[in-house]
Amino acid sequence: MGKYLVLWEVDQTKIPIDPKERAAGWGLLMALIRQDIEKGLTKDWGAFVGESNGYAVNEGTELEVMIGLAQYVPFCIFKVYPIATESQVNAMIKALSG
């Protein structure tokens, strides 16, 4: 199982002008995020203050992460980076050392 840094951004063209509609949309987004946290797919999630983007740390297989992120399309755009843990980096250093 891998760990992934997910940088997300809400598509600005999908954000309603009306504050009540915007609040409803964010409410739906947050409900999906809560489900992902409860399922264990999302380990950490945050929004950058004053922006319509943020980050998540997801854990799972590549397929599980792809399926999880697909539910947010077309409202969010993602950049996903696989993360190597401290122990994995130390194993790589040990392998290089012979």
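All of these numbers come straight from a predicted model, not from anything done at the bench.

Description of the overall build of the chain
Counting its secondary structure elements, the chain contains three helices and four strands. Starting at the N terminus and ending at the C terminus, the chain contains elements arranged as β-α-β-β-α-β-α. On C-alpha atoms alone, the chain measures out to a radius of gyration of 16 Å, which is more than a quarter above the 13 Å that the 2.2 N^0.38 rule sets for 98 residues. Summarising its shape, the C-alpha atoms of the chain cover approximately 60 × 25 × 20 Å along the three principal directions. Look at the contacts in the chain between residues 6 or more apart in sequence, and 71% of them connect residues 24 or more apart. With an accessible surface of roughly 6900 Å², the chain has 62% of that area assigned to carbon and sulfur atoms. Side chains of the chain give 9 positive and 12 negative charges; the mean places of these two sets differ by 2 Å.

Some thoughts on the layout of surface pockets
In this structure, the largest pocket occupies an estimated 280 Å³ of space. Tallying contributions element by element places helix 1 (residues 19–39) first for the lining of the largest pocket, with six residues. A per-class count over the lining of the largest pocket returns ten nonpolar, two polar and two charged.

Description of the sheet that holds strand 1 (residues 2–10)
Across the sheet, four strands lie side by side as 2-3-1-4; this open sheet has antiparallel pairing. Only two strands of the sheet have a single partner each, and these edge strands are strand 2 (42–47) and strand 4 (76–83). When the angles between neighbouring strand axes are averaged without regard to direction, this sheet yields 15 degrees. Along the sheet, helix 1 contacts strand 1, strand 2 and strand 4; its crossing angle with strand 2, the most-contacted strand, is approximately 155 degrees.

Here we look at a nonpolar patch on the surface
There is a patch of nonpolar side chains on the surface, built from Val89, Met92, Ile93 and Leu96 and spanning about 380 Å² of accessible area. Considering the arrangement of structural elements, one finds Met92 in helix 3 (residues 86–97). The exposure class of Met92 is partly exposed, given its relative accessible area of 43%.

A few points about the packing of aromatic side chains
Evaluated as defined, the whole model comprises four aromatic pairs. Note on Trp8 and Trp45: the rings are 5.3 Å apart at their centroids and 10 degrees apart in plane angle, and the pair reads as stacked. You can see Trp8 sitting in strand 1 and its partner Trp45 sitting in strand 2, a full 37 residues away along the chain. The partly exposed category is assigned to Trp45, whose relative accessible area is 22%. Between Tyr72 and Phe78, the ring centres sit 6.2 Å apart and the planes meet at 70 degrees, which makes this aromatic pair edge-to-face. Looking at Tyr72, the relative accessible area reads 8%, which means it is buried. Since its relative accessible area comes to 24%, Phe78 is described here as partly exposed. Here a set of aromatic residues connected by ring pairs shows up, and it is made of Trp8, Trp26 and Trp45.

Quick notes on the rules
Residues numbered from 1 in each chain as written. Predicted model: local features only at pLDDT ≥ 70, side-chain atom pairs only at ≥ 80, totals over all residues. Heavy atoms only, no water. Helix = DSSP H or I, 4+ residues; strand = E, 2+ residues; numbered from the N terminus. Rg over C-alpha atoms; globule rule 2.2 N^0.38 Å. Contact = heavy atoms within 4.5 Å. Areas by Shrake-Rupley, 256 points an atom, 1.4 Å probe, with all protein chains shown as cover. Lys, Arg positive; Asp, Glu negative; His and termini not counted. Charge placed at Lys NZ, Arg CZ, Asp CG, Glu CD. 1 Å grid on protein atoms, 1.4 Å probe; cavity = no way out; pocket = protein on both sides within 12 Å on 5 of 7 lines; lining within 4 Å. Points joined across faces, edges and corners; volume = space filled by probe spheres on them. Nonpolar A, V, L, I, M, F, W, Y, C, P; charged D, E, K, R; others polar. Pairing = 2+ DSSP bridges. Axes fitted to C-alpha atoms, helices over the stretch in contact; angles between N-to-C directions. Patch = residues over 30% accessible without salt bridge, like charges linked within 9 Å, V, L, I, M, F, W, Y side chains within 5 Å. Salt bridge = Lys/Arg side-chain N within 4 Å of Asp/Glu carboxyl O. Buried < 20%, exposed > 50% of the residue type's maximum accessible area, 1.4 Å probe, protein only. Phe/Tyr/Trp six-rings, centres within 6.5 Å; stacked < 30°, edge-to-face > 60°.

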